Amino acid sequence: GATLELTDSVIGFGATPNGVRIDDKTASNSLVVAYGATAVVTGNHIAGNDWDGAGDETNTRDWSASGILLYQAGGTVISRNVVDGAGTDNGIYSYQSAATITCNLVTRTADQPGRLDVWSTGIVVDGGTGSLAGNTVSGFRTPINGAVQSGTGGCAPAAPNVTATGDTS
């Protein structure tokens, strides 16, 4: 399987140059680790995402978007990251993965006007193994779902030290 090491980076959602999201129909996850891949994700600023639904004629709202999505991932460490954004559906979602999620700041501000606010969970653990410790979660209707965290706060995430060297499109 593939291995990822992501440190001191800024990852945003898809947007036009003025910062408006590209569309409301695409489920956008900022970072995905899946199908046995492993990762160490430390000290990053990762945008959360809001998805208003499937965008089909039934207008169903049965899916969501995440800042970090682990989908059947191998041994993955998510530590000292900031995951935030307006109307973020799920800050960190771990589905049937082996994950250690520690010392992250997962936060959300109110949804943008005119958008639906269907999902609102800071950290979701849906099966798999691993642990949660020291994460600070705020602004979500459900801070943590599917796991019990040992300790809260007390360990601040590392702010990425990033500078822009050019602008391309």
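Some words on the sheet that holds strand 10 (residues 105-107)
- Strand order in this open sheet of five strands is 2-5-8-10-12, and the pairing throughout is parallel. The open sheet terminates on both sides in strands that have one partner only, identified here as strand 2 (10-11) and strand 12 (136-138).
- Here two bridges tie strand 8 (residues 82-84) to strand 10, and the two strands are oriented parallel to one another. Note on strand 10: the bridge partner recorded for Val83 is Val106.

Things to note about unusual backbone geometry
- One non-glycine residue, Gln72, lies in positive phi territory at about 50°.
- Relative to the helices and strands, Gln72 is located in the loop between strand 6 (66-71) and strand 7 (76-79).
- What makes Gln72 partly exposed here is its relative accessible area of 29%.
- Even without a glycine there, the phi angle at Gln96 is positive, about 45°.
- Structurally, Gln96 is set in strand 9 (residues 90-102).

Quick look at the packing of aromatic side chains
- One pass over the structure, following the stated rule, counts two aromatic pairs.
- Between Tyr35 and Tyr71 the ring centres are 5.5 Å apart and the planes differ by 65°, which places this aromatic pair in the edge-to-face class. In this pair, Tyr35 is assigned in the loop between strand 3 (31-34) and strand 4 (38-42) and Tyr71 in strand 6, connecting sequence segments 36 residues apart.
- With a relative accessible area of 64%, Tyr35 lands in the exposed category.
- Its relative accessible area of 30% is what places Tyr71 among the partly exposed residues.
- Ring centres of Tyr71 and Tyr95 lie 4.9 Å apart, and the angle between their planes is 20°; this geometry places the pair in the stacked category. Separated by 24 residues along the polypeptide, Tyr71 in strand 6 and Tyr95 in strand 9 bring together distant segments of the chain.

Topic: the environment of Gly146
- Its location among the elements puts Gly146 in the segment after strand 13 (142-145).
- In this structure Gly146 comes out as exposed when scored by relative accessible area, which is 58%.
- Sequence separation between Gly146 and Val124 is 22 residues, and the spatial gap between their C-alpha atoms is 6.0 Å.

Regarding the nonpolar core
- One finds Ile68 and Ile92 to be the most contacted residues of the largest nonpolar core, which totals 21 residues.
- Breaking this core down by element, the ones donating at least two residues are strand 3, strand 4, strand 6, strand 9 and strand 11 (121-133).
- If you tally residues by element for this core, the top one is strand 9, at three residues.
- Apart from residues lying up to four places away in sequence, Ile68 is in contact with Leu31, Ile46, Ile78, Val83, Gly91, Ile92 and Tyr93.

Parameters at a glance
Here, residues in each chain are numbered from 1, in the same order as that chain's written sequence. Totals for whole chains, interfaces and linings use all residues, but because this is a predicted model, local features are given only for residues with pLDDT of at least 70 and pairs of side-chain atoms are given and counted only at 80 or more. Side-chain numbers here rest on the full set of heavy atoms in the structure, without hydrogens or water. Pairing between strands is defined by DSSP: at least two bridges between the two strands are required. Helix and strand assignments follow DSSP, with helices taken as H or I runs no shorter than four residues and strands as E runs no shorter than two, numbered in order from the N terminus. Relative accessibility decides the category of a residue: with a 1.4 Å probe and only protein chains considered, values under 20% of the type maximum give buried, values over 50% give exposed, and everything between is partly exposed. Note on aromatic pairs: the rings of Phe, Tyr and Trp (six-membered ring only in Trp) are paired at centre separations within 6.5 Å, and the planes decide the class, stacked below 30 degrees, edge-to-face beyond 60, tilted for the rest. Throughout, nonpolar core names a set of buried Ala, Val, Leu, Ile, Met, Phe, Trp, Tyr and Cys residues whose side chains join them through atoms within 4.5 Å. Throughout, a contact is declared for two residues whenever any of their heavy atoms are within 4.5 Å.

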